[in-house]
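An overview of the molecular structure
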Amino acid sequence: MLVSLVLATVALVSAAPIQEPLPHSVSWHLKDGVKKHEALNLAASSAHLTYYGGPVISNVEVHPIYYGAAQYQSQTDAFYAGVTQSAWYDVLAQYNVNRGSAIPGFSVAATKTSLDDVNDIQPFLTNLIKTGQIKPTANTYYPIHFAPGISITQGGGSSCSVFCAYHGTIDISSLNVGTQYLFYGVMPDQGGSCAGGCGSNPSQINNMFSVASHELAEAATDAAVGVSTVIGAPLAWYDQTNGEIGDICNAQQGSTVGGDGVTYVIQKIWSNSDNACVASSGKPVVTTTAAVVKTTTTTKVVVPPTTTAAVVKTTTAAVVKTTTAAVVKTTTAAVVKTTTAAVVKTTTPAGGKTYVAGQPCTTYGTWACSNSLICNYNPGLVWVQVGGVSSC
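Since we're looking at a predicted model, the values are computed, not measured.

With respect to the pattern of salt bridges
Applying the stated criterion across every chain yields a total of two salt bridges. Close ionic contact of Arg99 with Asp90 constitutes a salt bridge, the shortest N to O distance being 2.8 Å. Since its relative accessible area comes to 36%, Arg99 is described here as partly exposed. Measuring nitrogen to oxygen at the nearest pair gives 2.5 Å for the salt bridge that ties Asp120 to Lys112.

Spelled out as structure tokens, the structure:
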């Protein structure tokens, strides 16, 4: 949430044109008393996130960091793993953000009780890279959860008096670690002066989850806000008047069932598709599914030159690839098994004639010489020896 919404008039904020300077280098989740500034009470229908060309975190991998004796560490690990696999997170699909994952966080000793973003937090994260404790990629997000009693300042604002949390960006291209940016979040403890001002849930941990979800969604859809200086690239999804995806819906809580089956309190986020703040999208996302259909057909074939009936059994396996756009691709593999009934032997008396194997005969299927010869195609009609004598 931008500090201009607190310090400037409604007219100044709403009139900000493209390339208007951003007032500071991160996005704040404002405290309840601050978020109710008149500038944030614009009609929800006026909100719309526009893409400015910057990066999103398309497949987030959340790596929590616990600074000092941060509360609810195991629950926070579970929260990030759960909500990145939820219907709430699926709202982000319309912004080219897919479901993600999380790994258990790690703790670091608290060396200060008061930290500034530029002077302390960013150098702290850079040092973690240099010492090999974290290895950022284009998809990693590092939310730092702080122990009770630690205060944070950023851009002239203070934790729990102006903002509840924020997310930012560090340009680490000079470190040559294979990615340009490090994406991080700052989560002050939600007790103390933050209690009651950073969420309406009676449970402190639920308000912490709500605040953390606000920053997670914003980091995923507007990852490089921390290095953006104007309303334009490298901003990603952003509303010139209302800010980011969480700012539009600041402190509007909902719930979602995580991939672990646990129900978590989250903050609602803005959906362009629904034109509303939602906890899950009412608009279906186009998906591709594969269906396998097996069919069996039986064909009766007459094989010349005889009247023998051959039964041909054909098994057809059709693999059908379907999409919501009803584009069907079919691959058919036919396996044909043919069984031909055996020719029935008949016996024809020789009638006093002389029959010799290899000599022409006249009637197909006629037997001679006590069934030692048969009149068959070889390739014309000739006597074929099938028994013990070749003539009679």
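Read on for the rest.
A short note on the pairing of strand β22 (residues 373-377)
Alignment of strand β21 (residues 367-368) against β22, held across two bridges, turns out to be antiparallel. In the sheet register, Ala368 faces β22, and the bridge partner there is Leu373. Taking the residues that link successive antiparallel strands as the turn, the β21-β22 hairpin has four residues, and the phi of Cys369 there is positive, at about 55°. Inspection of the sheet shows β22 paired to strand β23 (residues 381-385) by five bridges, in the antiparallel sense. Residue pairing for β23: Tyr377 is matched across the bridge by Leu381.

A few points about the packing of aromatic side chains
Taken as a whole, this structure holds eleven aromatic pairs when the rule is applied. Between Tyr67 and Phe124, the aromatic rings sit 5.7 Å apart at their centres with planes inclined by 90°, giving edge-to-face as the arrangement. Here Tyr67, found in strand β4 (residues 65-67), pairs with Phe124, found in helix α6 (residues 117-130); they are 57 residues apart in sequence, far enough to count as distant. As far as the burial class goes, Tyr67 and Phe124 line up, both buried. When the ring of Tyr67 is compared with that of Phe146, the centres are 5.2 Å apart and the planes differ by 50°; the resulting orientation is tilted. Separated by 79 residues along the polypeptide, Tyr67 in strand β4 and Phe146 in strand β8 (residues 140-146) bring together distant segments of the chain.

Considerations on the sheet that holds strand β7 (residues 114-116)
Taken together, three strands build an open sheet; the order of strands is β7-β9-β10 and the sheet is mixed. A strand with exactly one partner marks an edge of an open sheet, and here the two such strands are β7 and β10 (157-158). Pairing of β7 with strand β9 (residues 151-154), which is carried by three bridges, proceeds in the parallel orientation. Bridge pairing links Ser114 to Ser151 in β9.

Cut-offs and rules
Residues numbered from 1 in each chain as written. Predicted model: local features only at pLDDT ≥ 70, side-chain atom pairs only at ≥ 80, totals over all residues. Heavy atoms only, no water. Salt bridge = Lys/Arg side-chain N within 4 Å of Asp/Glu carboxyl O. Buried < 20%, exposed > 50% of the residue type's maximum accessible area, 1.4 Å probe, protein only. Pairing = 2+ DSSP bridges. Helix = DSSP H or I, 4+ residues; strand = E, 2+ residues; numbered from the N terminus. Phe/Tyr/Trp six-rings, centres within 6.5 Å; stacked < 30°, edge-to-face > 60°.

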